[in-house]
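# Architecture at a glance
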Amino acid sequence: MSIRCGGVAHTTARNSPAGPLVVEERTRDLYAASFSAMASPCEVLVHTSNRGHALELGNVIAREAWRVEQKYSRYRDDSVLAWIHSNRGDRISVDSETASLLDFAGHCYKLSDGRFDVTSGVLRRAWQFDGSDRVPDKATIESLLPLIGFDKLRWQSPELLLPLDMELDFGGIGKEYAVDRAYDLAVAHRSDPFLINFGGDLRTNRSPPDTPWQVGIERPDTEREAALVLALERGALATSGDSRRFLLKDSIRYSHILDPHSGWPVPNAPRSVTVAASSCTEAGLLATLAMLQGAQARRFMEAHQVQHWILE
Amino acid sequence: MQLKREEGGVRHRLIAASCALLSASAGRAEEAPNTGIERALSDWSLESALAYYHEDGRVQAIEPVVSVSKAYGDGASIGLNLTFDALSGASPNGASPSRTPQTFASPSGKSFTGGKHSYAIAPGDLPEDPHYSDLRAALGADWTLPLERLLTANFGAKFSYEDDFYSGSVNALLARDFNEKNTTVSFGASYEADSLHPIGGTPVPLTNYALFEKTGDQSKDGTGLLLSLTQVMSRNWLSEVNLSVDRFTGYLNDPYKIISVIDAAGDVRGYVYENRPDSRTRRSVYLDNRVAWERSSAGVSLRYMTDDWGIHSETVQLHLQWWTAERDKYVQPTLRWYRQSAADFYTPWLYTAPDLSSASSDSRLAALQALTYGLKYGIKLRDKLGRESSEFNVRIEYYQQTQENGLPGPGALRGLDLYPDLKAILVQIGFRY
């Protein structure tokens, strides 16, 4: 004889594909599905009276986040990225999703005059933004600069030749891209109002009736404390900032936003830039481009008539 | 950057580039199953496992399990599972070791050939029927449906078939959420009816094994109640308490178990069939705590069971689970400790001319302790779109049981291993799609 207890299955999702997915009811008709992906806490808020809807959306969205993370992670040896790196110096043919991302990276490279560059990850060999004072020496940086430049790739979709010693890193767009991909899958599943939040990159289909989503933007130096609260009814929000990623030496704070031209952090960059746009990818890129402007960030945003919030 | 182009241009180009990227991906999403059948099947999850169980020097079992389940968006789900068991090997018949060779007749049975078997046991060895074999098929169904926002019902039914044993059971469970769904109270009830058709007939309890007195088929049935409280203690801590009681009545004997009858010198005078009380009521308390962190989880559970046969048992189980940073592999060690006291009517042998209402020498009713060490390793697999689609896992458990030394053997039994230990290994390979 067996009696199964129903209690547990109601509090954690069954068949969650990877890691825990926790669904909890926050207030009446508001469920939160939370999980971790891409080294960030991720959450989906769903306005519904039906826990099943929240569970379904949480599952769809988490699976997509984990998929994108797995495919483009720098930290695992079975990712598409690792496969590309293991074929440096050879002409390879990439899958269509990776091709779209490379095309997009190429556009961004041109639009930013080379300041947004998916090949600039090699600078991480010199810069470790861990809050310490370990600022690298000039010679080290100089030696890395020849390895940077999207125009040094031979890229003719779908064929790629990544020169030896060069690196690709989609970290600058991956999380925002994952939000948008998950969003597309989610709207195809359910029409309940939902808000996707992957570590501060957000997108919603619509807000619950009567009340827009309230989004708190953290002040960079004080975790958890919201510096400003924004109302979001639809569209996406992305934030570029250096709350926890910086170096401090001789009273100079080196932000983690590196200029691929010089190999050094962009001087006088704001602490964080938050941008609203129709997609998260677009918002994220605009926020990053603004950071790359350093002191001119605000002017850049205004010139482009971008809805933005800057914390200096 | 100095913008070479007019100021608004960058934004428009960026919008165009983003749209190109995202619409390209939307196209890919359509590669997902879209025919009616594929879509219907894609909602089902399939779980299969193959377990191999081997007791050191005794039985071995192979057990394939297949289950399918489907979760509906509104919280409803249905599941079906099918299990087969093929058991073969040697099984203790209940008699004690002896200084002299012992010969037994297999209950003719439990063998495919149908012919009578007899088997001889060497001096000092534990008497085991070497021809033991059994096939079992079981089918179960399970249905969960939300009745209203905070109320969920679960129904299940199960039927299992063996050559000599049929069993059917149904159960129902009602779960109600409280306290913003942080608290769940469940109440369940179950009923089971079993029918026994021992090979060669049902032995008359406590009669002489050599006389072969048999009667017809037997039955037993049982009802159970369960009360459960599940509490979300914090964001990553879940606690559960269960109280359960069940009562079985009817023929509760193992029809193939006998007891040695010995004299004061420790010499075997014969054997009688066992007899257990015709009802058993069990009560148990179960406490479970589970904590989950980002890439790991831990659980501790305790169970205390007591029944009116005089058995009290305690189980403590610990498990840990770690995920890799990519969340595609995990390892889960488990440790389980179990102790039970003996049933009031447990006796390793009887002295001549027993005048007892109940007696059994089944070692499963003896005072014993057991430790189980387990290790499970799982790998998530991905489909061609790179989605998490399935899981492959391997579980290995090593079981070590020690019987408490009971009565010392009189006379000739002195020095024999009357309370042998048991070691078993379980290997299970599972696949979930």
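Residues numbered from 1 in each chain as written. Chains lettered and ligands numbered in written order. Predicted model: local features only at pLDDT ≥ 70, side-chain atom pairs only at ≥ 80, totals over all residues. Heavy atoms only, no water.

### With respect to the overall build of chain A
A count of helices and strands for chain A gives eight helices and 15 strands. Within chain A, counting contacts between residues at least 6 apart in sequence, those at least 24 apart form 61% of the total. In the structure as shown, chain A presents an accessible area of about 12800 Å², 47% of it carried by carbon and sulfur atoms. (Helix = DSSP H or I, 4+ residues; strand = E, 2+ residues; numbered from the N terminus. Contact = heavy atoms within 4.5 Å. Areas by Shrake-Rupley, 256 points an atom, 1.4 Å probe, with all protein chains shown as cover.)

### A closer look at the confidence of the model for chain A
If pLDDT is low for a region, its predicted coordinates should not be looked at in detail. For chain A, mean pLDDT is 82; residues scoring 70 or higher make up 86% of the total. By mean pLDDT, the top-scoring element of chain A is strand β7 (residues 194-198) of chain A (94), and the lowest-scoring one is helix α1 (residues 7-11) of chain A (27). (pLDDT = per-residue confidence, 0-100.)

### Observations regarding the packing of aromatic side chains
If you walk through the whole model with that rule in mind, you get 15 aromatic pairs over all chains. Ring geometry for Tyr183(A) and Phe194(A): centres 5.8 Å apart, planes at 55 degrees, overall tilted. With Tyr183(A) in helix α6 (residues 171-189) and Phe194(A) in strand β7, this residue pair connects regions lying eleven residues apart in the sequence. On the basis of relative accessible area, Tyr183(A) is assigned to the buried category, the value being 13%. An aromatic cluster is defined as three or more aromatic residues linked by ring pairs; in this entry it consists of Phe104(B), Tyr119(B), Tyr209(B), Tyr271(B) and Tyr273(B). One cation-aromatic arrangement involves Arg203(A) over Tyr183(A); the distance from NZ or CZ to the ring centre is 3.7 Å. Looking at Arg280(B), its charged tip hangs above the ring of Trp309(B), at a distance of 4.4 Å from the centre. (Phe/Tyr/Trp six-rings, centres within 6.5 Å; stacked < 30°, edge-to-face > 60°. Buried < 20%, exposed > 50% of the residue type's maximum accessible area, 1.4 Å probe, protein only. Lys NZ or Arg CZ within 6 Å of the ring centre and 35° of its normal.)

### Re the side chain of Arg276(B)
Along the chain, Arg276(B) falls in the loop between β15 (268-273) and β16 (279-292). Looking at Arg276(B), its side chain comes within polar contact range of the side chain of Asp362(B), at 2.9 Å. (Polar contact = N/O pair within 3.5 Å; in protein donor to acceptor, adjacent residues only side chain to side chain.)

### Here's the deal with the pairing of strand β8 (residues 201-204) of chain A
Residues and elements named next belong to chain A. Of the two faces of β8, the one holding Asp201 and Arg203 and the one holding Leu202 and Thr204 are both buried throughout. Pairing between β7 and β8: four bridges, direction antiparallel. Bridging across to β8, Leu195 finds its partner in Thr204. Linkage of β7 to β8, two consecutive antiparallel strands, is achieved through a turn of two residues, within which Gly199 is found at a positive phi near 50 degrees. With three bridges connecting them, β8 and strand β11 (residues 235-241) associate as antiparallel partners. Each residue of the ladder has a partner; that of Thr204, found in β11, is Gly235. (Pairing = 2+ DSSP bridges.)

### Considerations on the sheet that holds β15(B)
All names here are of chain B. Spatially, the three strands line up as an open sheet ordered β15-β14-β20, and their pairing is mixed. Every interior strand has two partners, whereas the edge strands, β15 and β20 (350-351), have only one. Where strand β14 (residues 258-262) and β15 come together, five bridges link them in antiparallel fashion. The residue bridging Ile258 from the neighbouring strand is Tyr273, located in β15.

### Quick notes on the nonpolar core
Formed by 89 residues in total, the largest nonpolar core has its most connected members in Phe35(A), Leu160(A), Leu168(A), Phe198(A) and Met301(A). No other element matches helix α7 (residues 280-292) of chain A, which puts nine residues into this core. Sequence-distant contacts of Phe198(A), that is, excluding residues within four places in its chain, are made with Phe35(A), Met38(A), Pro41(A), Cys42(A), Ile61(A), Ala65(A), Lys175(A), Ala178(A), Val179(A) and Ala182(A). Ranked by size, the runner-up nonpolar core spans 16 residues in total, among them Met305(B), Ala343(B), Trp349(B) and Tyr419(B). (Core = buried A, V, L, I, M, F, W, Y, C linked by side-chain atoms within 4.5 Å.)

### Quick notes on the sheet that holds strand β4 (residues 91-93) of chain A
All names here are of chain A. If you trace the three strands from one edge of the open sheet to the other, you get β4-β6-β5, paired in antiparallel fashion. Each edge of the sheet is formed by a strand with only one pairing partner; in this case those strands are β4 and β5 (154-156). Pairs of neighbouring strands in the sheet enclose a mean axial angle of 20 degrees, with direction left out of account. Across three bridges, β5 lies against strand β6 (residues 159-161) in antiparallel orientation. Residue pairing for β6: Arg154 is matched across the bridge by Leu161. (Axes fitted to C-alpha atoms, helices over the stretch in contact; angles between N-to-C directions.)

### Some points on the confidence of the model for chain B
Residues and elements named next belong to chain B. For chain B, per-residue confidence averages 84 on the pLDDT scale, and residues scoring 70 or more make up 88% of the total. Confidence drops under a pLDDT of 50 for residues 26-36, and excluding neighbours within four residues, the segment shows 14 contacts in the predicted structure. The complex prediction reports pTM at 0.58, with the ipTM value standing at 0.74.

### Let's talk about the pattern of salt bridges
It is possible for side chains of opposite charge to pair when their charged atoms get near one another. All names here are of chain A. Summed over all chains, the structure comprises 36 salt bridges over all chains. Taking the shortest distance from any N to any O, the salt bridge between Glu167 and Arg124 comes out at 3.7 Å. With Glu167 in the loop between β6 and α6 and Arg124 in the loop between α4 (96-111) and α5 (138-144), the pair connects residues that are 43 residues apart, well separated along the chain. For Glu167, a relative accessible area of 15% puts it in the buried group. Of the residues examined, Arg124 reaches a relative accessible area of 29% and is grouped as partly exposed. A salt bridge links Asp169 to Arg124; its shortest N-O distance comes to 2.8 Å. Remark: Arg124 occurs in the loop between α4 and α5 and Asp169 occurs in the loop between β6 and α6; sequence separation between them is 45 residues. On the basis of relative accessible area, Asp169 is assigned to the buried category, the value being 13%. Taken together, the salt bridges that share partners define one network made up of Glu64, Arg67, Lys71, Asp95, Glu97 and Arg181. (Salt bridge = Lys/Arg side-chain N within 4 Å of Asp/Glu carboxyl O.)

### Describing unusual backbone geometry
Residues and elements named next belong to chain A. In this structure, the amide linkage connecting Ser157 to the following residue, Pro158, adopts the cis form with an omega of 0 degrees. Its identity is not glycine, yet Met38 carries a phi of approximately 50 degrees, on the positive side. For Met38, the location among the structural elements is in the loop between β2 (30-37) and β3 (40-47). For Asn268, which is not a glycine, the phi torsion comes out positive at approximately 60 degrees. Counting through the fold element by element, Asn268 comes out in the loop between β13 (252-255) and β14 (272-277). You can call Asn268 exposed: its relative accessible area is 62%.

### Examining α7(A)
Spanning 13 residues, α7(A) covers 18 Å between terminal C-alpha atoms, matching the ideal 18 Å at 1.5 Å per step. Within α7(A), 13 of the 13 residues are buried, which leaves it mostly tucked inside the rest of the structure. (Expected span 1.5 Å × (residues − 1).)

### Topic: the packing of helix α2 (residues 51-72) of chain A against α4(A)
Residues and elements named next belong to chain A. As a packed pair, α2 and α4 sit with axes 12 Å apart at the nearest point and diverge in direction by 75 degrees. Between α2 and α4, the angle is such that the two are roughly perpendicular. Across the interface between the two elements, Arg67, Lys71 and Tyr72 of α2 pack against Glu97, Thr98 and Leu101 of α4. Taken together, the residues that form the contact of α2 with α4 break down as two nonpolar, one polar and three charged. (Parallel < 35°, antiparallel > 145°, perpendicular 65-115°, else oblique. Nonpolar A, V, L, I, M, F, W, Y, C, P; charged D, E, K, R; others polar.)

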